[in-house]
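Geometric and topological summary
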Amino acid sequence: MMSRLRHGLFAALLVGTPMFAALPAAAQAVSKGVGIPLEQARRIARGPAAIAQVNAARSAAKTPAERTKVAQMAAFVYANSGQYAAAAQQLETIGAGPRMLAPYYYRAGQYDKAIELAKRAGGPDMQVVVAQSYLKKGDKRGAAGVYQQLIRSSGPRMEWLDNLASLQFSFDKAAYLSTVRQMIKIDPSPARYKALLFNLKQQNMSDQARLIMYQLMRQTGNLTEPADVQEMSKLAIIGGQPGVALLALQDAQKANVVSPSDPMTAKLVQASSQRSAAAVAAVPHLPATPAGRMEAGNALFGSNQYPAAAQAYAQVAASNAPIADQARVLKGIAQVRAGDSNGGRATFDSVAKGSAFYDVAQLWSLYASTHKG
């Protein structure tokens, strides 16, 4: 799941000073009967004792300016005490507008009123109030629709995209992936890929496609769990790519992700090492068939001979063999590894929609577009 929806906006919208700077300040000084208890209320800030001081000031207030200051302080104390509806009601008595009131009604749990006020106020910050109110009402699709409109009208911001993706993940995986792609274009950091790849890992896919996903985890610095390293290595060995398994295991050992003393890791290292050496030695003797060229590409890739691997995979991709799409993605990865990100992206984009490798190819294409070789 993506990171939790962010609510920092509401703390910013709830003005945190007793005079509520967004309201016009009263020009006249107040009497001691009003000023002293208001100062006490400001110092106490919350709870029954502060409210009692506000009530004492209210009893002494004679002028409109004094009543305005009392209402402002009352709103401050009620908000600090968690009584947001009472705070909003105090502000309403002195003419506060919908922009100020909407966040208070949101915090009070009066979401329909928060939505109505926020829509009246308008603006991106108020649209976020509307979206979050829909979410609190259990309407994830409604909340997502507001964020989509907000992004269309005001441009993408990472926080909005993050919230939208968190919503979409529960009901529209295709839209979720599209939104995360937007986020990665803005921030192609390993952490951003981690969220995407974690969720992709939960989906059903063939062993070959899953191995390509693990390749992207390794490429983006997200192959950081021992179980993932071992699963990738097993898939690679079974899938005829022992050199890929060995490279992943060696990297993981250097990064202290797996320990050489771990029995399973030791077995995988031994198996991948023996098989990768044999695979490289066999390359000159392999037949010039799609299966033979695929085996050659795998051996060359696993020994870091990426340009030669790409050439071998290209011959398979040009055939009508059932493994042609797999070869296209592997060719693209070899191109990226060789420093040709543009070529790799073109290769990934050549995988047809509907292919079992389309989703992982598109993710690799996204990576290639943000990491130029």
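This text gives an overview of the structure that appears in the document. (Residues numbered from 1 in each chain as written. Predicted model: local features only at pLDDT ≥ 70, side-chain atom pairs only at ≥ 80, totals over all residues. Heavy atoms only, no water.)

Applying the stated rule across the entire model yields one cavity of 30 Å³ or more. In this model, the largest cavity occupies a volume close to 30 Å³. Taken together, Pro-242, Gly-243, Ser-276, Ala-279, Val-280, Asn-298, Ala-299, Gly-302 and Ser-303 make up the lining of the largest cavity. Counting only elements with at least two residues in the lining of the largest cavity, the list comes to α15 (242-254), α16 (263-282) and α17 (290-302). Partitioning the lining of the largest cavity into residue classes produces four nonpolar, five polar and no charged. (1 Å grid on protein atoms, 1.4 Å probe; cavity = no way out; pocket = protein on both sides within 12 Å on 5 of 7 lines; lining within 4 Å. Points joined across faces, edges and corners; volume = space filled by probe spheres on them. Helix = DSSP H or I, 4+ residues; strand = E, 2+ residues; numbered from the N terminus. Nonpolar A, V, L, I, M, F, W, Y, C, P; charged D, E, K, R; others polar.)

Relative to the assigned elements, Asn-342 resides in helix α20 (residues 341-349). Placed 28 residues apart in sequence, Asn-342 and Ala-314 show a C-alpha to C-alpha distance of 16 Å.

To continue, consider helix α7 (residues 111-121). Taken as a whole, α7 has its buried residues at Tyr-111, Ala-114, Ile-115, Leu-117 and Ala-118. Packed against the buried residues of α7 are α6 (98-107) and α8 (124-136). Positive backbone phi, approximately 75 degrees, marks Gly-122, located one or two places after α7. (Buried < 20%, exposed > 50% of the residue type's maximum accessible area, 1.4 Å probe, protein only. Contact = heavy atoms within 4.5 Å.)

This next bit is on the packing of helix α13 (residues 207-219) against helix α19 (residues 324-337). Their axes nearest at 11 Å, the elements α13 and α19 cross at an angle of 15 degrees. Taken together, the axes of α13 and α19 lie roughly parallel to each other. The way α13 lies across α19 gives a crossing that is left-handed. Side by side, α13 and α19 meet where Gln-208, Ile-212, Gln-215, Arg-218 and Gln-219 of the first sit next to Gln-326, Val-329, Leu-330, Ile-333, Val-336 and Arg-337 of the second. (Axes fitted to C-alpha atoms, helices over the stretch in contact; angles between N-to-C directions. Parallel < 35°, antiparallel > 145°, perpendicular 65-115°, else oblique. Left-handed = near helix turned anticlockwise from the far one by under 90°.)

With that out of the way, let us pick up helix α14 (residues 226-238). Each α-helix winds once per 3.6 residues, and so residues spaced three or four apart point in a common direction. Taking 1.5 Å of rise per residue, 13 residues should cover 18 Å, and α14 covers 18 Å from first to last C-alpha, within 8% of that figure. Inspection of α14 places Asp-228, Val-229, Gln-230, Met-232, Ser-233, Leu-235, Ala-236 and Ile-237 among the buried residues, and these make up the whole buried set. Lining the buried residues of α14 we find α12 (190-201), α13, α15 and α16. Where α14 terminates, the next one or two residues include Gly-240, which has phi positive at roughly 80 degrees. (Expected span 1.5 Å × (residues − 1).)

Relative to the helices and strands, Tyr-306 resides in helix α18 (residues 306-317). Separated by 27 residues in sequence, Tyr-306 and Ile-333 place their C-alpha atoms 8.7 Å apart. Contacts of Tyr-306, omitting those with residues within four sequence positions, involve Leu-247, Phe-301, Ala-334, Arg-337 and Ala-338.

Right, let's talk about unusual backbone geometry for a bit. Even without a glycine there, the phi angle at Ala-45 is positive, about 75 degrees. The residue Ala-45 is located in the loop between α2 (32-44) and α3 (47-60) in this model. Judged by its relative accessible area of 11%, Ala-45 falls in the buried class. For Asn-304, which is not a glycine, the phi torsion comes out positive at approximately 65 degrees. With respect to the helices and strands, the residue Asn-304 is situated in the loop between α17 and α18.

Helix α4 (residues 64-80) packs onto α3 with a crossing angle of 170 degrees between their chain directions and a minimal axis gap of 9 Å. Between α3 and α4, the angle is such that the two are roughly antiparallel. Judged by residue contacts, Gly-47, Ala-50, Ile-51, Val-54, Ala-57, Arg-58 and Ala-60 of α3 engage Glu-66, Val-70, Met-73, Ala-74, Val-77 and Tyr-78 from α4. Taken together, the residues that form the contact of α3 with α4 break down as ten nonpolar, one polar and two charged.

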